[in-house]
Structures are given as structure tokens and as C-alpha cells.
2 protein chains.
Amino acid sequence: MESLGETIRKRREDKELPLRTVAAYLDIDQAILSKIERGQRNANREQVIKLARFFNMNETDLLVSWLSDKLVYEVRNEDVALKALQVAEEKVKYQKMKKL
Amino acid sequence: MESLGETIRKRREDKELPLRTVAAYLDIDQAILSKIERGQRNANREQVIKLARFFNMNETDLLVSWLSDKLVYEVRNEDVALKALQVAEEKVKYQKMKKL
DNA sequence: TCTGTTTTGAATGATTTTGTCAAAAATACA
DNA sequence: TGTATTTTTGACAAAATCATTCAAAACAGA
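We now turn to the structure provided with this report.

**Quick look at the protein's contact with DNA strand C**
Surrounding DNA strand C, one finds 18 residues, the nearest of these being Arg9, Leu19, Arg20, Gln30 and Arg38 of chain A. Between Arg20 of chain A and DNA strand C, the recorded distance is 2.4 Å, taken from a side-chain N or O atom to a phosphate oxygen. Side-chain polar atom of Gln40 of chain A to a phosphate oxygen of DNA strand C: 3.4 Å apart, as the coordinates give it. The set of elements that each furnish at least two residues to the surface near DNA strand C consists of helix H1 (4-14), helix H2 (19-26) and helix H3 (30-37) of chain A together with helix H3 (30-37) of chain B. Among the elements that make up the surface near DNA strand C, the one with the highest residue count is H3 of chain A (four residues).

Here it is in C-alpha cells:
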């Protein structure tokens, strides 16, 4: 279970690229990319999409990774984290069903 | 699948209480409570706890309802909402496992 | 040590959240 | 209807959170 940050750091190190290079492609300061890789900052959607393009990864997969990171962050330190995620899942399913 | 807002509105109407009364107990403006009940605003943890006490409900259950609402809100309009929730669940489980 | 890379944290800006207030809209009911 | 009560709305302000920049510190390797 890898976070988006861990994933892209691996990719970047595989290619032996400095933060600078990827950050330039994303048009952000390398400090931000460093923080994103280490999970200290959240990327935004545009950055995730660019990262997928840069590293030739499936965009949807990376967006799922990113979104799920945000969800995990939202329930950090919560006793009922797991339960809440499960209930949220049911709620989303229910809403989807209602739309048909 | 009921949101926290729907739940407490029902309770309040059952008891035929005006927003004013419950809002006073929570120490907030009734406008906010109105918005919380209709899902336009998020309650905070303290308010959820007070609501549970006020309506004699199980605090944990209400917190789960509240947290899951927040999660649903976070993935609204996302194509990959369900997938992201499932992945988040696995991530949380994985983290929990690692701690043992 | 020198060079390039990464991390850190303070400062600043931008955005979001939270709440208040008062007026408008809706509701209840004599 | 008319009046009182409740609810909703939206403008506004304060507070909190979040993103970004920058420069310095820490780190890695030759």
C-alpha cells in the first residue's frame, strides 16, 4: 500500500532525476515536490495529471492513489476510521443507485 | 443511508423543537444549524458530541455518520470515488497492521 | 573540501472555513 | 386573509488552514 508520494519518488529515483527536473515540468518549486514525495503536502489534481504524463503512468490509477491518500489523511487519528470509510462507501453506492 | 443532518432534523422534528433551542444548546447561530441539517455546512466534532448528548444518541454512531459524510463530500463528483474509498480502506488496514 | 541535491522552516499570500446578522421566504394558524 | 413564528438565504467579517516562495541547513558523493 504505497502513497502517491512514495510511488513517484521511486519512479524519479529509478530514472535518476533530480527534484528540479520534475518540479520544472510541473512548474512548481522543488521544495514543494520534495514535500509531496514525503507526504507533507498534498498535490493538486493538475499536478497529479502532469505526474502521470511525465512518468508514463495510468492517469486514473494515480488519481485513485492521490484521492485515497486524501481520504486516509482525513481520518487519521480517528478511532472509527475504518468504520467511517465503510459507511461512506455504502453511502456512495446508495447515491449511485438512486441516480439510475 | 442517512446523513447526520437528516438524522438530527428528524429527531428535532419528532420533539417539535425549533432550531433555536438546539442551536442554543450547541451555542451556535440557528442559521448554522439549519445549514448543518441540510448538509450545506459541516458540523465540527464538538457539535456532533453535543448533538449526541442532546438527543440521547450513541456518540460513536453519530461520529461515524459525521465522518463518513465528510468522506462522501471529499469524493463528490469524482469518477473514481468508490475505488478511492476502497483503496483508502486498504491503506488504513495496512497501517493498522503495521503498528502491531 | 567542493558540488550538486534535498530538506527544513519562517514568512507571506491565498483560500477555505466558521460564524454573525438581518432580511426574505416559508409555515402555521387564528 | 393577517400575524406570529420558524426557517432559509446571502452578505460580510474573523479565524483557521493551506499553498507557495525563499534562503539556509543538511546531506551525499567525488
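**Considering unusual backbone geometry**
For Glu16 of chain A, which is not glycine, the phi torsion reads 55 degrees and is therefore positive. Along the polypeptide, Glu16 of chain A turns up in the loop between H1 and H2. You can call Glu16 of chain A exposed: its relative accessible area is 70%. The phi angle at Asn77 of chain B is positive, at roughly 65 degrees, despite the residue not being glycine. Inspection of the secondary structure puts Asn77 of chain B in the loop between helix H5 (59-74) and helix H6 (81-99). With relative accessibility at 76%, the residue Asn77 of chain B sits in the exposed group.

**Considering the packing of helix H5 (residues 59-74) of chain A against H5 of chain B**
Packing of H5 of chain A against H5 of chain B brings their axes to within 10 Å, and their N-to-C directions diverge by 155 degrees. If you check the angle between H5 of chain A and H5 of chain B, you find them roughly antiparallel. Crossing of H5 of chain A against H5 of chain B: the hand is right-handed. Contacts between H5 of chain A and H5 of chain B pair Leu67, Lys70, Leu71 and Glu74 of chain A from the former with Leu67, Lys70, Leu71 and Glu74 of chain B from the latter. In the contact of H5 of chain A with H5 of chain B, the residues fall into four nonpolar, no polar and four charged.

**Observations concerning the relation of the copies chain A and chain B**
Once turned by 180 degrees and shifted 0.0 Å along the axis, chain A lies on chain B with an RMSD of 0.1 Å. In short, the pair behaves as if placed about a two-fold rotation axis. A share of 100% of interface residues in chain A that are also interface residues in chain B marks the association as one of identical surfaces.

**Some thoughts on the pattern of salt bridges**
By the definition in use, this model includes 16 salt bridges over all chains. Here Lys50 of chain A makes a salt bridge to Glu46 of chain A, at a shortest N to O gap of 3.4 Å. Here Lys50 of chain A pairs with Glu46 of chain A, and both are found in helix H4 (residues 45-54), just four residues apart, close to one helical turn. Look at Glu46 of chain A and you get partly exposed, because its relative accessible area is 49%. For Lys93 of chain B, the salt bridge is made with Glu89 of chain B, and the minimal N-O distance between the two is 3.8 Å. Taken together, the residues span about one helical turn, with Lys93 of chain B and Glu89 of chain B both in helix H6 at a distance of four residues. A relative accessible area of 11% places Glu89 of chain B in the buried class.

About the thresholds
Residues numbered from 1 in each chain as written. Chains lettered and ligands numbered in written order. Predicted model: local features only at pLDDT ≥ 70, side-chain atom pairs only at ≥ 80, totals over all residues. Heavy atoms only, no water. Near = heavy atom within 4 Å. Polar contact = N/O pair within 3.5 Å; in protein donor to acceptor, adjacent residues only side chain to side chain. Helix = DSSP H or I, 4+ residues; strand = E, 2+ residues; numbered from the N terminus. Buried < 20%, exposed > 50% of the residue type's maximum accessible area, 1.4 Å probe, protein only. Axes fitted to C-alpha atoms, helices over the stretch in contact; angles between N-to-C directions. Parallel < 35°, antiparallel > 145°, perpendicular 65-115°, else oblique. Left-handed = near helix turned anticlockwise from the far one by under 90°. Contact = heavy atoms within 4.5 Å. Nonpolar A, V, L, I, M, F, W, Y, C, P; charged D, E, K, R; others polar. Least-squares fit on C-alpha atoms with pLDDT ≥ 70 in both. Salt bridge = Lys/Arg side-chain N within 4 Å of Asp/Glu carboxyl O.

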